[in-house]
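If you want the building blocks of each chain, they are given just below.
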Amino acid sequence: MKQLTKAEEEIMQALWQLKKANVKAVIELLPKPKPAYNTVSTIIRILESKGFVDYEKQGKGHLYFPIIDKASYSNQSINKLLDNYFQGSFKSMVSFFVKKNDIDLDDIEGLLKEINKNK
């Protein structure tokens with residue numbers, strides 16, 4: 001699966017939330033300053049060529065929808081982060097975030113509960 005640019009990921013976040021939408025609806029969901037219609041349309045066509053988005057005709061326009069689900073992309077992105085920066089060690093990654101973000105004991109206990117629940 002290909003990596004997305006920041007702009008592409010922002011558009012995908014909107015499409016994952018909307019499920020199916022035209023360019024105008026995607027733009028409405030994006031933060032200010034809003035990008036131009038043509039910019040969003042171009043990014044969506046790029047996402048289509050990368051295999052992330054497809055469309056169906058609606059009158060003279062198109063309704064776009066994600067064909068890669070958010071969970072799959074998130075999993076791939078996290079695994080890439082883990083491999084590239086933490087030599088594949090989940091323990092090293094968690095340790096890094098604990099040290100850099102002042103995670104408190106309650107947060108760690110919450111993580112442990114989630115881990116134990118998913119075993």
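These notes cover the structure that comes with them.

Rules of the game
Residues numbered from 1 in each chain as written. Predicted model: local features only at pLDDT ≥ 70, side-chain atom pairs only at ≥ 80, totals over all residues. Heavy atoms only, no water. Pairing = 2+ DSSP bridges. Helix = DSSP H or I, 4+ residues; strand = E, 2+ residues; numbered from the N terminus. Buried < 20%, exposed > 50% of the residue type's maximum accessible area, 1.4 Å probe, protein only. Expected span 1.5 Å × (residues − 1). Contact = heavy atoms within 4.5 Å.

**Quick notes on the pairing of strand 2 (residues 61-66)**
Note that strand 1 (residues 53-58) and strand 2 share 6 bridges and pair antiparallel. Of the residues in strand 2, the one forming a bridge with Q58 is G61. The antiparallel pairing of strand 1 with strand 2 creates a hairpin that spans 2 residues between the two strands, and G59 there sits at a positive phi of about 60 degrees.

**What to know about unusual backbone geometry**
For the bond running from K32 to P33, omega is -5 degrees, close enough to zero to count as cis. Along the chain, P33 turns up in the loop between helix 2 (23-29) and helix 3 (37-49). One non-glycine residue with positive phi stands out, namely K19, at about 75 degrees. Assignment of secondary structure puts K19 in the loop between helix 1 (6-18) and helix 2. Judged by relative accessible area, K19 falls into the exposed class, the value being 58%. Despite not being glycine, Q87 shows a phi value in the positive range, around 50 degrees. For Q87, the location among the structural elements is in the loop between helix 4 (70-86) and helix 5 (90-101).

**Some thoughts on helix 1**
Look at helix 1: 19 Å from first C-alpha to last across 13 residues, which is about the 18 Å you get at 1.5 Å a residue. Buried residues of helix 1: E8, I11, M12, A14, L15 and W16, and no others. Looking at the buried side of helix 1, the elements it contacts are helix 2, helix 3, strand 1, strand 2 and helix 4. One or two residues past the end of helix 1 sits K19, with phi positive at roughly 75 degrees.

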